[in-house]
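Observations on the three-dimensional arrangement
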Amino acid sequence: MQFVLSMLLPLAASVLILPSCVSVEVALDEHGLDGLATAMLADEALGNPRALATLVTARTSAVPAVASDATWSSAPLGRWEVTLADGRVIAPERLTFFSPVGRADQADEATFYLYRVAPLAGGRAILWVPGLGFSRLAVHFVRRLWQTELEHGWSVLIYVPPYHLERRTAGRDDGEGFVVASPESSTRLLLHCASELITARRWLTAQGVTTVGGWGGSLGAALLTVMAREAPLDHAAFMIPLLDWHRPFARPELARVRERLSRAGFATALLATADALMSPVDLPLPAPAARMLIQYARYDQLTPAAVTEAYARTHGVNVIKDYERSHATMLIGNRLYADYDAYLTTLDAPRRAATRRPHRRISWTAPSFTLDYGDCAAALCDGQGVAWSLSRGAVTPIP
């Protein structure tokens, strides 16, 4: 879960012109949690425990795709072009397919943005999954991440969660309506999001993409982890990941939501089982530990730093970066983006090594020599008074 960033980022950006202040960082997160609790407590539709138990029992195995034969539509997005260092301008496409969410206030169309840095066939792509509050304002910040990925040769397929941007309910803010009081309704929607991502992953493979990596922010990290149960990703980067769905509800601001559910007959064990369906702490890593990055906020009030650090230790993730930020302010500053660029550079290293020209072995006798060299140039004497020139694989006598 995440706050409505479209509400908090303007305040955070104005406050954090000055160096980070711990009390301000914490207060911004607490404000977001309190607003979320207020919205959930105002929702009278709690659902019933039996429906949640049925859903949880049916979804303890891997989440299915929305549709294996989904028909995708494509059109220019018409905004948010990215200019690369070499001057190329990458214009995104808007991709959609039919995807019935099952709520009257939500259109039945999955939505993605695609930036192609090269043809998809034979190429690499990152499936990019944001959290709640993915908005026009958030794009102002995260477009730097997209540019970095494109500069490293990755095409980027960006997920638009329900209730955001084109999928936003008319007259409501981005993210509003995603998390509701009913645990069954919220869990069902989260699982549906994972199904849309599985469909997208399969679509990339069908287009000939040979390598699929992932990026997940906040709730997006959880969705990415659930999606990857079908097949691990090449790599995965987490930013302020929501690792344990139970943690936010243990906070004072949201504890009253769970107390209300308890009074309505929802057993603590049942809610914990539902939480585990979407909690990375209870699931396998979405990618090999050696190819993962975790960027976390030191003052995060949704996923405490100690939880993130324990998760990394338990799973053997060694590339973990902390920032003097909160959940709400994580995108502000430059080091986050520089660290992500450095991480992608390390992923590129094996690829660059694999494309280097191999050393060639040249042998001749007069007397006998065995030489190993690559693209170097040198002049040697064979011991019989004849000098030989070696340059880029050619061996010729020097007159």
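1. Quick word on the pattern of salt bridges
In this structure the tally under the stated criterion is 22 salt bridges. Across the pair R325 and E25 runs a salt bridge whose closest N-O atoms are separated by 3.3 Å. One end of the pair, R325, is in the loop between β11 (320-323) and α11 (335-355); the other, E25, is in helix α2 (residues 22-42), with 300 residues separating them in the sequence. A salt bridge links E309 to R298, with the shortest nitrogen-to-oxygen separation between them at 3.1 Å. Placement of E309 in helix α10 (residues 305-315) and of R298 in the loop between β10 (292-297) and α10 is noted, with a sequence separation of 11 residues between them. With a relative accessible area of 23%, E309 lands in the partly exposed category. Judged by relative accessible area, R298 falls into the partly exposed class, the value being 30%. One network of salt bridges, with partners in common, ties together R79, R94, E109 and E166.

2. Describing the environment of W146
Here W146 lies in helix α4 (residues 136-151). When the C-alpha atoms of W146 and V82 are compared, they prove to be 7.9 Å apart, with 64 residues separating the residues in sequence. Residue contacts for W146: discarding those within four places in its chain leaves Y115, W128, F134, V139, V156 and I158.

3. A short note on unusual backbone geometry
The residue L165 is not glycine, and still its phi comes out positive at about 50 degrees. Tracing the backbone shows L165 in the loop between β7 (155-160) and α5 (183-206). Located in the positive-phi region is I240, a residue other than glycine, with phi close to 35 degrees.

4. Some remarks on the side chain of E184
Checked against the element boundaries, E184 lands in helix α5. The class of E184 is buried, set by a relative accessible area of 17%. Other than its neighbours up to four places away in sequence, E184 contacts A51, L52 and L55.

5. Structural notes on the pairing of strand β9 (residues 236-239)
Taking every second residue as pointing to the same face, both faces of β9 are buried, with A236 and F238 on one and A237 and M239 on the other. With 4 bridges connecting them, strand β8 (residues 211-217) and β9 associate as parallel partners. For G214, the partnering residue across the bridge sits in β9 and is A236. Both β9 and β10 contribute to a ladder of 4 bridges, which runs parallel. Each residue of the ladder has a partner; that of M239, found in β10, is Q295.

6. Some details on the sheet that holds β7
Strand order in the open sheet formed by 9 strands is β1-β4-β5-β7-β6-β8-β9-β10-β11, and the pairing between neighbours is mixed. Looking at which strands have only one partner, the edges of the open sheet turn out to be β1 (73-76) and β11. The average undirected angle you get between the axes of adjacent strands in this sheet is 20 degrees. Across 6 bridges, strand β6 (residues 124-129) lies against β8 in parallel orientation. Bridge pairing in β8 places R124 opposite T211. Here α5 sits on the sheet in contact with β4 (93-98), β5 (109-115), β6, β7 and β8, set at roughly 155 degrees to β7.

What counts, and at which threshold
- Residues numbered from 1 in each chain as written.
- Predicted model: local features only at pLDDT ≥ 70, side-chain atom pairs only at ≥ 80, totals over all residues.
- Heavy atoms only, no water.
- Salt bridge = Lys/Arg side-chain N within 4 Å of Asp/Glu carboxyl O.
- Helix = DSSP H or I, 4+ residues; strand = E, 2+ residues; numbered from the N terminus.
- Buried < 20%, exposed > 50% of the residue type's maximum accessible area, 1.4 Å probe, protein only.
- Contact = heavy atoms within 4.5 Å.
- Pairing = 2+ DSSP bridges.
- Axes fitted to C-alpha atoms, helices over the stretch in contact; angles between N-to-C directions.

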